Amino acid sequence: MKLEAMLGRKIQQIRKSLGLSQEALANKSDLHPTYIGRIERGEVSPTINVLNKIANSLGLPLDNLLSFEKEKESIPDFFETITLSQKASPKYLDLIKRVLKEIIRWEKENR
């Protein structure tokens, strides 16, 4: 698969998992909706500045958007979890954050 297609698929998966339409992502990124569609279909090679706008709009660091590791299948699940957590009360958000930090700490220690 071409790099453009891989990148486009990743952007589309993340966008959908966040519940954003192409138009909403375009508005947040200050880009045209048809350009977002072309990126997602792998028809164009966006500049690093465009990718940075998209990453920021998706709430990601640019390097996360550009990494293509094996865990790519987990991206929609991860963003679904984030979306669900945004609906939680502040009390439970703090608990979620502490649990995630503990999981990450444990994973690092047990690799």
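Above this note sits the structure.
On a predicted model such as this, the values are computed, not experimentally measured, just so you know. (Residues numbered from 1 in each chain as written. Predicted model: local features only at pLDDT ≥ 70, side-chain atom pairs only at ≥ 80, totals over all residues. Heavy atoms only, no water.)

Q: Lay out the overall build of the chain in plain terms, naming residues and giving numbers.
A: Across its full length, the chain carries seven helices and zero strands. Going from the N terminus to the C terminus, the chain shows its helices and strands as α-α-α-α-α-α-α. Counting the 111 residues in the chain, one finds 28% classified as buried. When contacts within the chain are restricted to residue pairs at least 6 apart in sequence, those whose partners lie at least 24 apart make up 55%. Summing over all exposed atoms, the chain offers an accessible surface of approximately 7800 Å²; the carbon and sulfur share of this is 55%. (Helix = DSSP H or I, 4+ residues; strand = E, 2+ residues; numbered from the N terminus. Buried < 20%, exposed > 50% of the residue type's maximum accessible area, 1.4 Å probe, protein only. Contact = heavy atoms within 4.5 Å. Areas by Shrake-Rupley, 256 points an atom, 1.4 Å probe, with all protein chains shown as cover.)

Q: Outline the nonpolar core, listing residues and values.
A: Counting residues in each nonpolar core, the largest one holds 17 residues, and the members touching the most others are I11, L25, I36, I39, I54, L58 and L65. Breaking this core down by element, the ones donating at least two residues are α1 (3-17), α2 (22-29), α3 (33-40) and α4 (48-58). In terms of residue count, α4 provides more of this core than any other element does, five residues in total. If we skip the residues at most four places from it in the chain, I54 touches I11, L25, S29, L31, I36, I39 and L65. (Core = buried A, V, L, I, M, F, W, Y, C linked by side-chain atoms within 4.5 Å.)

Q: Can you break down the side chain of K10 residue by residue, with the values?
A: Looking at where K10 falls in the secondary structure, it is placed in helix α1. A distance of 2.5 Å separates a polar atom in the side chain of K10 from the backbone oxygen of N64. (Polar contact = N/O pair within 3.5 Å; in protein donor to acceptor, adjacent residues only side chain to side chain.)

Q: Quick rundown of α4? Include the residues and the values.
A: Residues of α4 that are buried: V50, L51, I54, A55, S57 and L58. Buried residues along α4 cover an arc of 165° about the axis, so they all sit on one side. More than 90 degrees from the buried face of α4, the exposed residues found are N49 and N56. (Arc of directions from axis to C-beta.)

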